[in-house]
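# Notes for the structure review
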Amino acid sequence: MIALPMNAYLNTLKITGALVLAASLVRCSTSAGGAGGNKAPQAAPAVETVSLKKGLLSSTLSVPGELISYQQVDLYARETSFVKTIVVDVGSEVKEGQVLASLEAPEISSRLAGAESRGKSQEAVYLASKAHYERLLETSKTPGTISPHDLDQARARMNSALVQLEAARATQREVGNTRDYLTIRAPFAGVITARNVNPGAYVGPSGRGSEKPMFTLQEQKHLRLVVSVPEAYTAYLSLHDTVDFYVKSQPDKAFQARVARLAGALDTRLRAERIEMDVTNDNKRLLPGMIADVVVPLPAKDSTFIVPKRAVVNAPEKVFIIKVVGGKAQWTPVRTGRTIDGKTEVYGDLRVGDEIVLAASEEVRDGSDVPQTKAVQ
């Protein structure tokens, strides 16, 4: 065995170590390349798109409504008096002008008798003054018999008596009208729904003898259906539109009503418009005070862009859809309308035929590449 000098031995060890390190580096590089160092970058996944098109989106709105009588009135006594007779009761159907009750007030009868006496007395004064004037006028035709002054005085007394007679007759009519108020009549045809007095009761105007009305009269063959339509839906209803409604007492029966009156303003508390419909109720199956479930049609008046609901992104800063222009995503702000059966009305910078992402989300960044596949429509 040949002994090497110490310096030569150390140099040999250094060369050997360098060769081993180089071999290790080569093996690591080769291993990294085989694991994926030469693999091509993956492409972004394709997304489904649909073409924009216009359409009509019609729907219905279910809102509560109230049935009220077309006309309703509380009847009070015009003069303080006592109830003499009552000829109707709750549920009585009455005609316009029909007598409901009669009252008595002895002081009114006395006033009327006094007014009639004064009227007759004043009529006698007038007739006497008129006869006196006519005699003087006939005599004055003979020259020098009656002075013009006496004739003028007689004419003035006659005119004064006539004015006083007319005043007495007016007073008599006034007291007569007051007596007529002692007969309570129906102002229109309807049904008595409340009676709060009995014969002998002391009655009078509200606060003076009567806290409650004598009778409440309602017209029930003609009803009003009153609903409050929210602000967002006021543009869809117009005069003469027909609506369906249901009541709890007859859930299997659909009733119809026609829009007759629009308030034309929003209630400041409810932010809704009052709408009234006329309802014919000849068979009296409906009652005033019923709560109705009203189905209001909301037909589309103009065609607009309709997209799937999932194509609209409701981000905190804006609402948008994603158009695909030249293979890149473009966030397009929109305003939304109604959403029905998974479809939404959208308004914005849109054109028929624009391609939009079907299932949009913020993960599809604005300006990013969007490989697309056409969705089946």
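Residues numbered from 1 in each chain as written. Predicted model: local features only at pLDDT ≥ 70, side-chain atom pairs only at ≥ 80, totals over all residues. Heavy atoms only, no water.

Tracing the backbone through its elements, the reader meets Glu 79 in the loop between β4 (72-75) and β5 (81-86). Reaching out from Glu 79, the side chain makes a polar contact with the side chain of Arg 78 at a distance of 3.1 Å. (Helix = DSSP H or I, 4+ residues; strand = E, 2+ residues; numbered from the N terminus. Polar contact = N/O pair within 3.5 Å; in protein donor to acceptor, adjacent residues only side chain to side chain.)

Think of a pair of aromatic rings as described by two things: how far the centres are apart, and how the planes are tilted against each other in angle. Overall, the coordinates contain three aromatic pairs when judged by the stated rule. Pairing Phe 245 with Phe 255 gives two aromatic rings, centres 5.5 Å apart and planes at 25°, and the pair type is stacked. With a gap of 10 residues between them, Phe 245 in strand β13 (residues 242-247) and Phe 255 in strand β14 (residues 250-266) connect regions that are remote in the sequence. A centroid spacing of 4.3 Å and a plane angle of 15° characterise the contact between Phe 320 and Trp 331, whose relative ring orientation is stacked. Placement of the pair is Phe 320 in strand β19 (residues 319-325) and Trp 331 in strand β20 (residues 328-340), with a sequence separation of 11 residues. Exposure remark for Phe 320: the relative accessible area of 0% places this residue in the buried category. Sitting over the face of the ring of Phe 305, Lys 54 holds its NZ or CZ atom 5.3 Å from the ring centroid. Here the basic side chain of Lys 253 rests over the ring of Phe 255, its NZ or CZ set 5.8 Å away from the ring centre. (Phe/Tyr/Trp six-rings, centres within 6.5 Å; stacked < 30°, edge-to-face > 60°. Buried < 20%, exposed > 50% of the residue type's maximum accessible area, 1.4 Å probe, protein only. Lys NZ or Arg CZ within 6 Å of the ring centre and 35° of its normal.)

Glancing now at helix α3 (residues 148-180). Between the first and last C-alpha of α3 there are 48 Å, a value that for 33 residues agrees with the 48 Å anticipated at 1.5 Å per step. Of the residues making up α3, those classed as buried are Leu 151, Ala 154, Met 158, Ala 161, Leu 165, Ala 168, Val 175, Gly 176 and Thr 178. Looking at the packing, one finds that the buried side of α3 touches α2 (106-139). (Expected span 1.5 Å × (residues − 1). Contact = heavy atoms within 4.5 Å.)

Bringing the nonpolar core into the picture now. Counting 24 residues, the largest nonpolar core has Leu 67, Leu 225, Phe 245, Leu 286 and Val 294 as its most contacted members. Elements represented by at least two residues in this core include exactly β3 (59-69), β12 (222-230), β13, β14, β15 (272-280) and β16 (291-298). Discounting residues that sit within four places of it in the chain, Val 294 has contacts with Leu 61, Ser 62, Val 63, Gly 65, Leu 225, Val 227, Val 243, Asp 244 and Phe 245. If you look at the next biggest cluster of nonpolar residues, it comprises 21 residues, including Leu 75, Ala 101, Ile 184 and Val 197. (Core = buried A, V, L, I, M, F, W, Y, C linked by side-chain atoms within 4.5 Å.)

Looking now at the side chain of Glu 276. As for its position among the elements, Glu 276 is in strand β15. You can call Glu 276 buried: its relative accessible area is 10%. With sequence-adjacent residues up to four places away left out, Glu 276 is seen in contact with Arg 224, Leu 225, Val 226, Arg 258, Val 259, Ala 260 and Arg 261.

We now examine the confidence of the model for the protein. Residues with a pLDDT of 70 or more make up 85% of the protein, whose mean pLDDT is 82. Mean pLDDT per element in the protein: helix α1 (residues 6-37) is the minimum at 48, and strand β11 (residues 215-218) is the maximum at 95. (pLDDT = per-residue confidence, 0-100.)

Take the packing of α2 against α3 next. One way to put it is that α2 packs onto α3 with a least axis distance of 8 Å and a crossing angle of 160°. Considering the angle they form, α2 stands roughly antiparallel to α3. The hand of the α2/α3 crossing is left-handed. (Axes fitted to C-alpha atoms, helices over the stretch in contact; angles between N-to-C directions. Parallel < 35°, antiparallel > 145°, perpendicular 65-115°, else oblique. Left-handed = near helix turned anticlockwise from the far one by under 90°.)

Moving on, we get to the sheet that holds β11. Taken together, the four strands give an open sheet; going across it, the order is β4-β11-β9-β6, and neighbouring strands pair in antiparallel fashion. Two strands in the sheet have a free side with no partner beyond their single neighbour: β4 and β6 (93-94). (Pairing = 2+ DSSP bridges.)

With that out of the way, let us pick up the environment of Ala 272. Note on placement: Ala 272 falls in strand β15. Residues Ala 272 and Thr 234 lie 38 residues apart in sequence; the distance between their C-alpha atoms is 8.0 Å. Among all residues touching Ala 272, those that are not within four sequence positions of it are Ser 228, Val 229, Pro 230, Glu 231, Ala 265, Leu 266 and Asp 267.

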